[in-house]
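Summary of the model geometry
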Amino acid sequence: MSLIESTTDPRLALVPRPENERLILSLVREHRGMSKAEIARATGLSAQSATNIVNRLEAEGLLMAGKSVRGKVGQPSKPYLINAEGALTIGVKVGRQSVEIATMGFDYEIIEHRQFRYEYPVYEAVRDHIFAAMQALIDDLGPARARRILGVGLALPEGLSSWESAIGAPRGLMAPWDEADLRAEIEAAFGLAVSKMNDASAACLAALKVGKTTEARSFLYIYVGTFAGGGLAIDGRVYEGMSGNASAIGSLPMKVVSSGPGDQLIGSASLQVLEEKAAQAGIDPQVFYQDAPLSAAAEDVLTAWEAVAAPALAFSFVAGQAILDVEVMVLDTSLAHALRARLVDATIAALAHYDTRGLRPFRIIAGDGGVRARSIGSALLPFQAVTEYDLM
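Attention here is on the structure that accompanies the text. Model, not experiment: these values are computed from the prediction.

Cut-offs applied
Residues numbered from 1 in each chain as written. Predicted model: local features only at pLDDT ≥ 70, side-chain atom pairs only at ≥ 80, totals over all residues. Heavy atoms only, no water. Core = buried A, V, L, I, M, F, W, Y, C linked by side-chain atoms within 4.5 Å. Buried < 20%, exposed > 50% of the residue type's maximum accessible area, 1.4 Å probe, protein only. Helix = DSSP H or I, 4+ residues; strand = E, 2+ residues; numbered from the N terminus. Contact = heavy atoms within 4.5 Å. Arc of directions from axis to C-beta. Polar contact = N/O pair within 3.5 Å; in protein donor to acceptor, adjacent residues only side chain to side chain. Salt bridge = Lys/Arg side-chain N within 4 Å of Asp/Glu carboxyl O. Pairing = 2+ DSSP bridges. Axes fitted to C-alpha atoms, helices over the stretch in contact; angles between N-to-C directions. Left-handed = near helix turned anticlockwise from the far one by under 90°. Nonpolar A, V, L, I, M, F, W, Y, C, P; charged D, E, K, R; others polar. Phe/Tyr/Trp six-rings, centres within 6.5 Å; stacked < 30°, edge-to-face > 60°.

Notes on the nonpolar core
- Formed by 45 residues in total, the largest nonpolar core has its most connected members in I24, L63, F219 and Y221.
- Listing elements by their share of this core, those giving two or more residues are α1 (19-31), α2 (36-43), α3 (47-59), β2 (80-82), α8 (199-209), β8 (219-224), β11 (328-333) and α13 (373-386).
- Top element by residues in this core is α8. It accounts for seven residues.
- Setting aside chain neighbours within four positions, we find I24 in contact with I39, T43, L45, I53, V54, L57 and L63.
- In terms of nonpolar packing, the next biggest core, distinct from the first, is built from 35 residues, A278, F288, L331 and L351 among them.

Right, here's the structure in full:
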């Protein structure tokens, strides 16, 4: 089916490169270019060893030489840079209302992005659309570039079928997700290794690696999408937990109960609730995702939702700080940019209602991934598995 020529078992393909290669690639990425002398000093490698590795990475196309820079003394210094075309990935994000597929270059920039929306995530329809979109993106790359695809990243909510009633899907419609293995089906169809992560954790990865709003290496991350979800960055890496479901912040209880069910964050700060309220008022929910002024009616719906969502989010951040002790919390959403800033401001204001004695002060900042945060994170996954080095 695929244009990609591969004889490698996809389950074994995502093998990390040698440690010194990963270290050099990560340092060059972080510093946005380094000379061989700078690389030798930063890594502690001998000049000859550093030169040999850089030359090999350049020959493979992962690094490229920049223009020489002449200093006051000695020979000109030539910086080495990440080559955007050196390796490519495909990111697949499956959500409760949409699927996104993107190609990404080694500079972590999106090459092409496609989205398909649906009323309910019916497994076979979602899978078939992913296959068709992936093949189209591979075709667009052309054979030579397609051979540089490192792998596929898959961002997928945990227990997708368990939210069937919450999104109003017909009973049993989403049950096939319980038995299906989308990861294995993609690997079999395309001969590419697939790295999988919870969708909110993938968005957290995007904030950690390419987000421009924070340089923090440890933070609690909350993404307000169709349902609220979360991720956790610790010392420069996304912590997934034993089952890949760490920081499942959407399931955080919102109150103490002695009997009966307790409400979760997902019921207070999810866009599903906002969209339902909008539909009941005869308003197209898409107005909340567009950078345009809201009507008075839409403003009333948003204000009412925000009055519940912001205190719930603030509560979640305070509860998180009681466990994590970090300096920064990140809040992102698929809402329009102006509405994201507004939600962040309302959440910060709501912090004043909580007793934070005994807790280290922390800041809540806006993420900048927005609606593409999860697909960006999914495309980053193969790079994380193969080329990244922990620069603690």
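There's plenty left to go through after this.
Let's talk about helix α7 (residues 182-190)
- Along α7, the positions that sit buried rather than exposed are L182, I186, E187 and F190. End-on, the buried residues of α7 take up no more than an arc of 135 degrees, which puts them together on one face.
- Those residues of α7 that are buried are in contact with β3 (88-94), α4 (123-141), β6 (149-155), α6 (176-179) and β7 (194-197).
- Phi for G191, located one or two positions after α7, is positive at around 65 degrees.

Comments concerning the side chain of E100
- As for its placement among the helices and strands, E100 is situated in strand β4 (residues 98-105).
- Note on E100: relative accessible area 1%, which makes it buried.
- Of the polar contacts made by the side chain of E100, one reaches the side chain of S375; its length is 3.1 Å.
- Discounting residues that sit within four places of it in the chain, E100 has contacts with G91, V92, K93, H113, R114, Q115, V371, R372 and S375.

Focus on the pattern of salt bridges
- Using the criterion set out here, one finds 18 salt bridges in the structure.
- The closest approach of N and O atoms between R56 and E21, which form a salt bridge, is 3.0 Å. Of this pair, R56 sits in helix α3 while E21 sits in helix α1, and the two are 35 residues apart along the sequence.
- By relative accessible area, E21 is classed as buried at 4%.
- Note that R342 is salt-bridged to E299, the shortest N-O span being 2.8 Å.

Looking at the sheet that holds β8
- Strands sit in the order β10-β9-β8-β11-β12 across an open sheet of five strands; the sheet is mixed. Across the chains shown, the open sheet's two edge strands, defined by having one partner strand only, are β10 (237-238) and β12 (363-366).
- With two bridges joining them, strand β9 (residues 228-234) and β10 adopt antiparallel strand pairing. The partner of A233 across the bridge, within β10, is V238.
- The sheet strands contacting helix α11 (residues 296-324) are β8, β9, β11 and β12, and the helix crosses β8 at an angle near 160 degrees.

Focus: the pairing of β3
- Most of β3 is tucked away, with seven of its seven residues classed as buried.
- Because side chains alternate across β3, one face comprises the buried residues L88, I90, V92 and V94, and the other comprises T89, G91 and K93, equally buried.
- With seven bridges joining them, β3 and β4 adopt antiparallel strand pairing. Looking across to β4, one finds that T89 is bridged to M104.
- Pairing of β3 with β6, which is carried by six bridges, proceeds in the parallel orientation. Counted as the bridge partner of K93 is A155 from β6.

Topic: the packing of helix α10 (residues 271-280) against α11
- Where α10 meets α11, the axes come as close as 10 Å, and the angle between the chain directions of the two elements is 145 degrees. The handedness of the crossing between α10 and α11 comes out as right-handed. Between α10 and α11, the residues in contact are L271, V273, L274, K277 and A278 and V301, L302 and W305, respectively.
- Residues belonging to the contact of α10 with α11 are distributed by class as follows: seven nonpolar, no polar and one charged.

A word on the environment of E124
- With respect to the helices and strands, E124 occurs in helix α4.
- For the pair E124 and P176, spaced 52 residues apart in sequence, the C-alpha separation works out to 8.5 Å.

Description of the packing of aromatic side chains
- In the structure shown here, the tally under the stated rule is six aromatic pairs.
- Ring geometry for Y123 and W177: centres 4.8 Å apart, planes at 90 degrees, overall edge-to-face. Residue Y123 is found in helix α4, and its partner W177 is found in helix α6; the two are separated by 54 residues along the sequence. Pair check on accessibility: Y123 and W177 agree, each one buried.

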